[in-house]
Every structure is written in C-alpha cells, then in structure tokens.
Amino acid sequence: MNLIDRFLKYVTFDTQSDENSQVTPSSPGQRVFALALKEELEKMGLEEITLDDNCYLMATLPANTTKKVPAIGFIAHMDTSPDLSGKDVKPAVVRYEGGDLVLNQAEGVILSSIMFPELSGYTGQKLIVTDGTTLLGADDKAGVAAIISAVEYLQAHPEIKHGKIRIAFTPDEEIGRGVDHFDVAQFDCAWGYTVDGGQLGELEYENFNAAAAKITFKGLNVHPGTAKDKMVNASVLAMDLASQLPTLLRPEHTEGYEGFFHLTHMSGSVEEATLSYIIRDHSRELFDQKKELIRSLVACSNKQYPGSTTLEMNDQYYNMREQIEIRPHIIELAAEAMEAVGVTPLIKPIRGGTDGAHLSFMGLPCPNIFTGGHNFHGRYEFLPVQSLEKSMQTLIKIAELLAAKS
C-alpha cells in the first residue's frame, strides 16, 4: 500500500478521544484502529509486536547491519481531537491551482486563501482536504502513515543499512494523556522522534512549561435589600482577581516565546464561583513567576475576605529543551536528514506541548518532526501530499544516516 492510500484508509477510522472518559483508551474506536494496525504490522513481518491493555502498540524493525547502531524510535498518536467530529471523514485529493477551495458547496464551507495565506505556497501541488463537515485527522494519522510507510520502504530496500528501529502508536494524546502508560523501558531506545508536527520542515525541541489552575471563591448570599456590610459576592471576587492578571499576557496578544494566562472556563453565582486557567511559558523562570502571581492574588483575596478563596494548581509538563539541548546530536541528525531530502529545517518553539515533552522527562529524549499538515482540529485542515512524502523520506534518511555515522 502506498503512503497516500494508507493515510486515506486510516482517516476512515473514528478515533476521537474523549476527555470525559476515565478509561484508557478513552474511546473504543482507538482500539479498533490499533487492532487494524497490529494486523498490518504482523503482515509486514515486524517483530516484538505488542498491544497492551491501555492500547499502546509497539513493534520492531530489526537492524540489517552488524555495526553497533543506537536503537531509535518513531512515535505517533492514534486519536484525533474532540474539537470536531472525526466520524465518517470523507477526504478528497485535489490539485490546488490558487485562490479559494470550495470544500462543501451546500454548506458554504470554503478554504479561503485570504484567511489561510499559506495556501499560496502549495500552488500546483496535490492537497488532501475535508468535505467541510469533519476534521481530516492528519493530526496524527499522517504521522502513523509516514512511520509505517518508512518502515515498509526500508524492508523493501535492504541496501539501505539501518540499526534497530522501534515504532509506537499511542492513544489519547489530544486530551493530554498520551504517554500516561507509556513503558519507556519496554520501548528501549536511546532516543525517539514524535512524528506529530505541522508544516513542511518543522523540527521542534522546545515547548511550553505548563500548569493548570482552578480558583474557587466562596461567597455569602444575603437579600440584596439588606446586604450592606454582609454580602460577599463570589462572582465579583472572581472578576476582581481576573482583572488583576496582565491583559497583554493572554493568548490573543502573545506569540513566539511569549507565555500567557488563558481563562478556559468560568462559572459563578453569589454563593460560589470558579475560574480555570492554563498557564504557559517557555522560560522556567517566567513560568514560576506566573504561578507565583496566581498564588499572590489568591492570598490577597483571602486577606480581604478570610477563607473565601482556594487554589488548586498543578504542573502538567515542562519544556523538553532542558533534556534535548544537552544531546544536540539528536537535533543535528534530524536536520541533516531533512536537508538530504530537500527540506529546509524550520526550527521553532511549540506554542503547546507534545507527547515528546513528557517522554523527554521520562528518560526518552524525543523532539518533534513535521507531517506537513495545516489547520489541525478543524474543518479547514489540509495536508499537502508532497509534504507528507517528505516526512516519510526524512524518517528513512534519519535511519540511514545514523547507521552510516555509527
């Protein structure tokens, strides 16, 4: 099966993860997909194929050289985002000749070249698009397809020497649980690469440090006609605290390395109110300062109204740069592989997190490589065919260069 046919087949599996589920995988469709992949890997003749109770699928392409080459891994996630339906995906392969692309005439869904100016860079190329009613699922079925197709290519070309290659496909990345049950010892690699990036050339080894905060306010409700010096309005306390956070440190005002406070949910009455934030920064120092600002505002609220305000705050993940910059050869190898297949590396920070960030702190340094997709998680998602092919070629070249250098 060629790369594009493989991707088109994979997106027909409904694998949306479910953040309200308490089991792993969070949705049954992920296991259905994993079982199909397992069967495919078995037919390919891979070794050490395992699919555990938590839906982590691993396999091995054995080395075909007697040289001592470090074992490396390629990792992608099987789930798609819960932000938009991934059921009954109807992808189309179209040649883009410029201007707008009508995805769904009846629904009036148009992939606008004004809203998405990056389209112009793909004039004359084939794009895989949605029918405007679902997401596409390139995040990260493009990564799954690129990895399996790269392994299949190496099997068919034994003249390309390589060391042991481990592959893994994981559940529930989109809801932040992608490596909760990942067995790093079982995977047994010197390092790995998540194949979960976006546009052509992306090579990412920096991400946000991340925390979540939930602030709860307790009020005292008294009839408003007799409330003077008695009422404590929990919703007003919440608004007062929110207003003291810097306006310019919101996601809509930040870019690049700039961090933010993002209000993700709020609810309130006089008796009780809550604010839920995610806190992000690439700098560990600025990250800690942001958390300390939240703590100080909660303390001020309690000073004014003792016992009124409680804070639950926990760190979610850290910047993998701390683990990878001390091993620069991992990035240098990927960059050299990209250049060898005609791709200019685009090294930039991730304004988010990846499974690789968690894995890097679990003992498996794991930067992120492009798949080629754009506009993930929505109906305007598209995947340039040529970019996906370059992703696959990059993985092949990483394996080849590593063996040559060892």
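Residues numbered from 1 in each chain as written. Predicted model: local features only at pLDDT ≥ 70, side-chain atom pairs only at ≥ 80, totals over all residues. Heavy atoms only, no water.

Undergrad: When you look at the overall build of the chain in this model, what are you seeing that I'm missing?
TA: Helices and strands together make up the secondary structure of the chain, namely ten helices and 17 strands. Taken over the C-alpha trace, the chain has a radius of gyration of 24 Å; the compact-globule value for 406 residues is 22 Å, and the two agree within 12%. Across the 406 residues in the chain, those meeting the buried criterion constitute 52%. The long-range fraction of contacts in the chain, counting pairs at least 24 apart against all pairs at least 6 apart in sequence, stands at 78%. Surface summary for the chain: the accessible area is close to 17700 Å², and the carbon and sulfur share equals 51%. Separation of charge centres in the chain, based on 35 positive and 55 negative side chains, amounts to 2 Å. (Helix = DSSP H or I, 4+ residues; strand = E, 2+ residues; numbered from the N terminus. Rg over C-alpha atoms; globule rule 2.2 N^0.38 Å. Buried < 20%, exposed > 50% of the residue type's maximum accessible area, 1.4 Å probe, protein only. Contact = heavy atoms within 4.5 Å. Areas by Shrake-Rupley, 256 points an atom, 1.4 Å probe, with all protein chains shown as cover. Lys, Arg positive; Asp, Glu negative; His and termini not counted. Charge placed at Lys NZ, Arg CZ, Asp CG, Glu CD.)

Undergrad: Before we go on, may I ask you to explain the sheet that holds strand S7 (residues 126–129) in this structure?
TA: In a beta sheet, neighbouring strands pair by backbone hydrogen bonds and run either parallel or antiparallel. In space, the three strands of this open sheet follow the order S4-S7-S17, with antiparallel pairing throughout. The strands lining the two open edges of the sheet, one partner per strand, are strand S4 (92–95) and strand S17 (382–384). Each neighbouring strand pair of the sheet contributes to a mean axis angle of 30°, computed without reference to strand direction. Note that S7 and S17 share three bridges and pair antiparallel. Residue Leu-127 lies in a different strand from S17, and its bridge partner there is Pro-384. (Pairing = 2+ DSSP bridges. Axes fitted to C-alpha atoms, helices over the stretch in contact; angles between N-to-C directions.)

Undergrad: Where do I start with the packing of helix H8 (residues 328–340) against helix H10 (residues 385–405) in this structure?
TA: Pairs of packed helices are described in terms of their axes, by the angle between the two and the distance that separates them. Axis separation between H8 and H10 bottoms out at 8 Å; the angle between their running directions is 120°. On the basis of their axis angle, the class for H8 and H10 is oblique. As H8 runs across H10, the sense of the crossing is right-handed. On H10, the residues touching Leu-333, Ala-334, Glu-336, Ala-337, Met-338 and Ala-340 of H8 are Thr-394, Lys-397, Ile-398, Leu-401, Leu-402 and Lys-405. Tallied by class, the residues present in the contact of H8 with H10 amount to eight nonpolar, one polar and three charged. (Parallel < 35°, antiparallel > 145°, perpendicular 65-115°, else oblique. Left-handed = near helix turned anticlockwise from the far one by under 90°. Nonpolar A, V, L, I, M, F, W, Y, C, P; charged D, E, K, R; others polar.)

Undergrad: Could you clarify how one ought to interpret the state of the cysteines in this entry?
TA: Covalently bonding the sulfur atom of one cysteine to the sulfur atom of another cysteine gives a disulfide. Under the criterion given, the structure shown has zero disulfides. In this structure Cys-55 is a free cysteine whose sulfur lies 19 Å from that of Cys-366, the closest cysteine sulfur available. Of the residues examined, Cys-55 reaches a relative accessible area of 0% and is grouped as buried. (Disulfide = S-S within 2.5 Å.)

Undergrad: Honestly, unusual backbone geometry in this entry has me stumped. Any pointers?
TA: Among all residues save glycine, negative phi is the norm, and among peptide bonds the norm is trans. Residue Pro-25 is reached from Thr-24 by a cis peptide bond, and omega for that bond is 0°. As for its position among the elements, Pro-25 is in the loop between helix H1 (3–10) and helix H2 (28–44). With omega at 10°, the peptide bond leading from Asp-139 into Asp-140 counts as cis. As for its placement among the helices and strands, Asp-140 is situated in helix H3 (residues 138–156). In this model, Glu-48 sits at a positive phi of 50°, which is unusual for a non-glycine residue. The topology assignment puts Glu-48 in strand S1 (residues 47–51).

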